[in-house]
Amino acid sequence: MNTSAGQNADSAEKNATNQNETAADATMISLVNGSDSPEDAERIHWESGRRLWRTVEKNADTITAVGHECVKSVVPLDLLRYLYLPRHPHDRYFDTETRTLSYIRSRSFLPVKSLPPGQRKRILVTGGAGFVGSHLVDRLMLMGQEVIVIDNYFTGRKSNIAHWIGHPNFELIRHDVVDPFLIEVDQIYHLACPASPPHYQHNPIKTVKTSVMGTINMLGLAKRVKARFLLASTSGMYPKYPILHYPIPHLSTQIYGDPEVHPQSETYWGNVNPIGPRACYDEGKRVAETLTYAYRHQDHVNVRVARIFNTYGPRMNENDGRVVSNFIMQALRGEELTIYGDGSQTRSFQYIHDLVDGLILLMNNDCDLPVNLGNPDEYTIRSLAELVRDEVNPDSNITTLKAPVDDPKRRKPDIARAEDKLGWKPTWPVRQGIQETVHYFRRQMEAGLV
Ligand SMILES: O=c1ccn([C@@H]2O[C@H](COP(=O)(O)OP(=O)(O)O[C@H]3OC[C@@H](O)[C@H](O)[C@H]3O)[C@@H](O)[C@H]2O)c(=O)[nH]1
């Protein structure tokens, strides 16, 4: 009797455990894939992709697709959103109680274009696991290209591109561009470098090495395999301060005025404080441009240079430190929004899909001059704080903190060259891009991932 009772208890416990496990599995699968069984998840994953490709027409009134027909980069927006705004992360489940992460690998991938062998290119993206890189990778993959990513994961994250791991057109390699790398490719998008001020100032020597040695290595590779090379340069090279006193970083926290030229066009040479805290990045990129044109003139490497202005969007690190992600995370957490300085400094914010459009157009265009890619819609930092506050949490307070050393006072791109040579201009209004980015961070928070 006792034995039987014991057996019953055992088997009841086992059943309960099994049931719990089954329930947990089902919950997990549905959490991960938004469906009830692995088969369903596979089918939905695949079918939703197929369905989304049929909505590829561009609509004049609302943004339903991104990209440009001339370079075959048009993809339905919802297909991209499926990758960065899944109902739940595709491959992860975070249990808040046990603080454990489960990885569930889907075996199917979203449908990518099937290109004839002559049209399919092998494309290397350095820094492809980062914020900008991962969106570029998504687009190139959906376009049907063969993509190789190298990243050292200093600021990049494997989770940004996990949804392509295992795809026959995709390869991911942990590698630091400071060391040489050899591979047969047709195009190189050289994006590898931390881009947020707190990150690139964390280890300035490494930042300079990444810009200088990384660019030499990638240009050497481009020369050797005759690949076309695109450098992700920066608007940070433009600041010009009328220098009243030569600023010594640890003695002076003064900002000496505004840039001399506004908006900044490619013909403006800029003037960076070579010993300030931002120099490791800004001067690093300036040398990277010098190297790029030296390889072009001396070794006939086919080069492109994009001068990228402030860019934001889903997959920014929540602790990135740049203004858009800071304000959104602060508002979502019910914290004060921190304006550095009095908030009158300006920036022009471009949404990530616009930048990816510009990068692909530039890579496939004949223009080998530097090209500004940015949104000329200029905002004061205070008005950006108010916009984010109103979108996320109208009860949030805004506070002011000390301005960082050498913080540029005004920044706005002149995009005449991009419009003229590439037929490119940004299409995402800031409010819409902010809403999409808020959506992303909110999902990340709900999933317990930030
Ligand atoms: O929480 C914050 C963060 C930033 N800021 C301010 O917002 C402005 C923008 O700051 P960000 O850090 O986002 O970006 P910055 O314009 O300073 O640097 C940028 O410039 C060139 C690009 O190539 C780089 O990717 C990016 O670092 C600055 O005036 C900064 O002081 C705040 O007021 N509060």
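Residues numbered from 1 in each chain as written. Predicted model: local features only at pLDDT ≥ 70, side-chain atom pairs only at ≥ 80, totals over all residues.

### Focus on the domain arrangement of the protein
The figure often quoted for interface size is the accessible area lost as the parts come together. Each assigned domain of the protein is listed with its residue range as follows: domain 1 (1-108) and domain 2 (109-446). At the junction of the two partners, domain 1 supplies 20 residues and domain 2 supplies 21 residues. Mapped onto the side of domain 1 that touches domain 2, the elements with two or more residues apiece are helix H2 (38-53) and helix H3 (77-84). Counting residues per element, the side of domain 1 that touches domain 2 draws most heavily on H3, at five residues. Residues belonging to the side of domain 1 that touches domain 2 are distributed by class as follows: 11 nonpolar, six polar and three charged. (Domains from an automatic or database assignment. Contact = placed C-beta atoms within 7 Å. Helix = DSSP H or I, 4+ residues; strand = E, 2+ residues; numbered from the N terminus. Nonpolar A, V, L, I, M, F, W, Y, C, P; charged D, E, K, R; others polar.)

### Side note on the site of the ligand
If you check the shell around the ligand, you find 19 residues, and the closest are Thr-234, Arg-322, Val-323, Asn-326 and Tyr-340. Those elements giving two or more residues to the shell around the ligand turn out to be helix H8 (323-332) and strand E12 (337-340). Considering each element in turn, the shell around the ligand owes the most residues, three residues, to E12. (Near = placed C-beta within 6 Å.)

### Looking at the sheet that holds strand E9 (residues 228-234)
Spatial strand order, E7-E6-E5-E8-E9-E10-E15: seven strands in an open sheet with parallel pairing. Only two strands of the sheet have a single neighbouring strand rather than two, namely strand E7 (170-174) and strand E15 (370-373). Taken pair by pair, the neighbouring strands of this sheet meet at an average axis angle of 20°, ignoring direction. As judged from the four bridges shared by strand E10 (residues 303-308) and E15, these two strands associate in the parallel manner. Paired with Val-305 across the strands is Pro-370, a residue of E15. Against the sheet, helix H7 (residues 279-299) touches E9, E10 and E15, its axis set at about 155° to E9. (Pairing = 2+ DSSP bridges. Axes fitted to C-alpha atoms, helices over the stretch in contact; angles between N-to-C directions.)

### What about the nonpolar core?
Counting 99 residues, the largest nonpolar core has Phe-229 and Leu-359 as its most contacted members. With eight residues, the single largest contributor to this core is helix H9 (residues 352-363). (Core = buried A, V, L, I, M, F, W, Y, C linked by C-beta atoms within 7 Å. Buried ≥ 20, exposed ≤ 12 C-beta atoms within 10 Å, placed from the backbone.)

### What about the environment of Asn-217?
With respect to the helices and strands, the residue Asn-217 is situated in helix H6 (residues 204-225). With 69 residues separating them in the primary sequence, Asn-217 and Arg-286 have C-alpha atoms 16 Å apart. The residues contacting Asn-217, other than those within four sequence positions of it, are Val-177, Pro-180 and Phe-181.

### Concerning helix H10 (residues 381-392)
Counted at 1.5 Å a residue, the expected span for H10 with its 12 residues is 16 Å, and the 16 Å between its end C-alpha atoms agrees. Among the residues making up H10, those that are buried are Ile-381, Leu-384, Ala-385, Val-388 and Val-392. Seen end-on, H10 carries its buried residues on one side only, within an arc spanning 100°. Residues of H10 that are buried in the fold lie against H8, E12, strand E13 (346-348), strand E16 (378-380), strand E17 (398-401) and helix H12 (430-446). (Expected span 1.5 Å × (residues − 1). Arc of directions from axis to C-beta.)

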